[in-house]
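Here is how the chains run, residue by residue.
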Amino acid sequence: MSDRIMAVYNRAPVVFERGVGPWLYTKEGEAYLDCVAGIATNGLGHAHPGLVAALTEQAGKIWHLSNIFRIPGQEELAERLTANSFADTVFFGNSGSEAIECGLKTARKYHAANGQPERIDVIGFAGSFHGRTYAAVNASGNATYLEGFGPRLPGFIQLGLDDMDAIAEAIARPTAAALIVEPVQGEGGARALSGEWLLEVRRRCTEAGVLLIHDEIQSGMGRTGRLFAHQWFPGAEPDIMAVAKALGGGFPVGACVATAEAAKGMTFGAHGSTFGGNPLAMAVSIAAFDEIARPETLAHATKVAETLSNGLRDIAARYPDIIVDVRGKGLLIGVKMVINNREFMAAARDQHLLVAGGGENCVRLLPPLNMPIADAEEALKRFEATCEAVRATLAKAA
Ligand SMILES: *Cc1c(COP(=O)(O)O)cnc(C)c1O
């Protein structure tokens, strides 16, 4: 492995050359079943023909255009995002972190525009992940991501998801600006919040004039079987939402979407991006959106999710020495391990099954929404074979 790359990742010793749907292939032609999907990014699998066509067609026209010009693709995609959500207005960036940055800036600017610039507190949660930029790591509930990077920025508060009294108290403070939460925690280990929790927090934020931000970077774009995870719970809609990952079907793009009211401070000059919303990203994202938002795609994702989570629960019952719990929502599935999750990931790779890690010693399965049922069944076979291999290794060590 090259030491010319900053060693911030612990990379698996395997190189893939191409992908088709939920399958990845090495140069030697070895096939791996991909339940990582670029960490929930390749929502329609690898090399989706519609997305390849959209990208290559746009590539022959215009790649990049400054945001000092109109970009029709942005207007088309914003039309789709707002027509299919609570939101009225959109800012496009290139990543999830940028969508979060825009969301946090939008929230503070809203209060400044209302003559309450003292409202700066962002309430976040233990186990949450919002990205790696400065504001995002300050909002995230993983203190190790802040270590060595200087003091915590002012105006960021961390609470436990289960401590509703503390949450209510923080929301009611006169310095509270926004509360940021993932309706289904991704990196934290696929923890799905209840409708009850989301609705109570929505109600308290509205009462106190605090903006509610949903980070749907991982849980959005069909991953839970609805376009956005909070849409399972009518009335839980946020004021601002960060979307990225599957939005571009694997092409880098992010979006901060908001109500017109919440975005009232985001006037000319308040924010910007050189590459955000470029024509290539918009062309692919529009094609991905139209495919993902189809009722058939969402219904299929739910079917795949049922196949996988039922199968995984059966496997968990047969391997209580290896698996503690199966959780998550839709195709954001977490399997909490007895053994070290990194060891399980490596053992799964030996079975040519790719799974992601996650907090609380989970492995996550985040396959493409359009994974064929037969491939989901194959994934279950390989998952069980991994459990069997791990058990044999444990027996030998004992
Ligand atoms: C991936 C992710 C982010 C960060 O997105 P990047 O594109 O890596 O900047 C933020 N929030 C959640 C919930 C994510 O899953």
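Residues numbered from 1 in each chain as written. Predicted model: local features only at pLDDT ≥ 70, side-chain atom pairs only at ≥ 80, totals over all residues. Heavy atoms only, no water.

The protein is annotated in an unreviewed UniProt entry as Aspartate aminotransferase family protein from Sphingomonas cavernae. Entered under Sequence similarities (unreviewed entry) in the UniProt record, the comment concerning the protein runs "Belongs to the class-III pyridoxal-phosphate-dependent aminotransferase family." Regarding the protein, the relevant UniProt record gives this comment under Cofactor (unreviewed entry): "pyridoxal 5'-phosphate". (UniProt positions renumbered as here; feature names shortened; annotations may be inferred.)

Moving on: the overall build of the protein. Scanning the protein for helices and strands turns up 11 helices and 17 strands. Taking 21 Å as the expected radius of gyration for a compact globule of 398 residues, we find that the protein reaches 21 Å, a close match to that expectation. Dimensions of the protein, computed from the C-alpha atoms along their principal axes, are close to 65 × 55 × 45 Å. Sorting the 398 residues of the protein into buried and exposed places 53% on the buried side. Across the protein, every contact between residues at least 6 apart in sequence was considered, and the portion connecting residues at least 24 apart equals 72%. About 17600 Å² of surface is accessible on the protein, with carbon and sulfur atoms providing 56% of the total. Between the centroid of the 36 positive side chains of the protein and the centroid of its 44 negative side chains there is a distance of 2 Å. (Helix = DSSP H or I, 4+ residues; strand = E, 2+ residues; numbered from the N terminus. Rg over C-alpha atoms; globule rule 2.2 N^0.38 Å. Buried < 20%, exposed > 50% of the residue type's maximum accessible area, 1.4 Å probe, protein only. Contact = heavy atoms within 4.5 Å. Areas by Shrake-Rupley, 256 points an atom, 1.4 Å probe, with all protein chains shown as cover. Lys, Arg positive; Asp, Glu negative; His and termini not counted. Charge placed at Lys NZ, Arg CZ, Asp CG, Glu CD.)

What follows concerns the pattern of salt bridges. Across all of its chains, the model carries 16 salt bridges by this definition. Salt-bridge contacts for D162 lead to R191; the nearest nitrogen and oxygen are separated by 2.8 Å. Residue D162 is found in the loop between strand 6 (156-159) and helix 6 (164-172), and its partner R191 is found in strand 9 (residues 191-192); the two are separated by 29 residues along the sequence. Across the salt bridge formed by E360 and R327, the nearest N and O atoms sit 2.9 Å from each other. With E360 in the loop between strand 16 (356-358) and strand 17 (362-365) and R327 in strand 13 (residues 323-329), this pair connects stretches of sequence that are 33 residues apart. For E360, a relative accessible area of 47% puts it in the partly exposed group. Salt bridges linked by common partners bring E291, R294 and E296 together as one network. (Salt bridge = Lys/Arg side-chain N within 4 Å of Asp/Glu carboxyl O.)

Of note, Q231 is situated in the loop between strand 10 (211-215) and strand 11 (240-243). Separated by 165 residues in the primary sequence, Q231 and K396 have C-alpha atoms spaced 48 Å apart. Aside from chain neighbours lying at most four places away, what touches Q231 is N84, S85 and R226.

The next thing to look at is the packing of helix 2 (residues 49-59) against helix 8 (residues 279-292). At a closest axis distance of 8 Å, the pairing of helix 2 and helix 8 adopts a crossing angle of 155 degrees. In terms of orientation, helix 2 and helix 8 fall into the roughly antiparallel class. In the packing of helix 2 onto helix 8, the handedness of the crossing is right-handed. Across from G50, L51, A54, L55, Q58 and A59 in helix 2, the residues of helix 8 making contact are P279, L280, A283, V284, A287 and A288. When the residues that make up the contact of helix 2 with helix 8 are grouped by side-chain class, the tally is 10 nonpolar, two polar and no charged. (Axes fitted to C-alpha atoms, helices over the stretch in contact; angles between N-to-C directions. Parallel < 35°, antiparallel > 145°, perpendicular 65-115°, else oblique. Left-handed = near helix turned anticlockwise from the far one by under 90°. Nonpolar A, V, L, I, M, F, W, Y, C, P; charged D, E, K, R; others polar.)

Moving on to the site of the ligand. Lining the immediate environment of the ligand, one finds S95, G96, S97, F129, H130, G131, E182, D215, I217, Q218 and K245. D215 places a side-chain nitrogen or oxygen 2.7 Å from a nitrogen atom of the ligand. For the shell around the ligand, a count of residues per class yields two nonpolar, six polar and three charged. (Near = heavy atom within 4 Å. Polar contact = N/O pair within 3.5 Å; in protein donor to acceptor, adjacent residues only side chain to side chain.)

Before going further, it helps to spend a moment on the packing of helix 10 (residues 341-350) against helix 11 (residues 373-397). Between helix 10 and helix 11, whose axes approach to 9 Å, the crossing angle comes to 115 degrees. Two packed elements cross with a definite hand, and for helix 10 against helix 11 that hand is right-handed. Seen from helix 10, the contacting residues are F344, A347 and A348; seen from helix 11, they are F383, T386, C387 and V390. When the residues that make up the contact of helix 10 with helix 11 are grouped by side-chain class, the tally is six nonpolar, one polar and no charged.

For the rest of this paragraph, the subject is the nonpolar core. Generally speaking, nonpolar side chains in soluble globular proteins are found buried as a group. Of all hydrophobic cores here, the largest spans 62 residues; its most connected members are L81, V335, F344 and F383. Three or more residues apiece are contributed to this core by two domains, here domain 1 (16-47 + 295-397) and domain 2 (50-292). Ignoring anything within four residues of it in the chain, the contact list for F383 reads L312, I315, I323, V335, M337, F344, L353, V363 and L365. Among the nonpolar cores identified, the runner-up in size contains 24 residues, and L104, A135, I240 and A262 belong to it. (Core = buried A, V, L, I, M, F, W, Y, C linked by side-chain atoms within 4.5 Å. Domains from an automatic or database assignment.)

Next up on the list: the pairing of strand 7 (residues 176-181). For strand 7, a buried count of six out of six residues is recorded, marking the element as mostly surrounded by other parts of the structure. One ladder, built from four bridges, connects strand 7 with strand 10; its direction is parallel. If you follow A178 over to strand 10, its bridge partner there is L211. (Pairing = 2+ DSSP bridges.)

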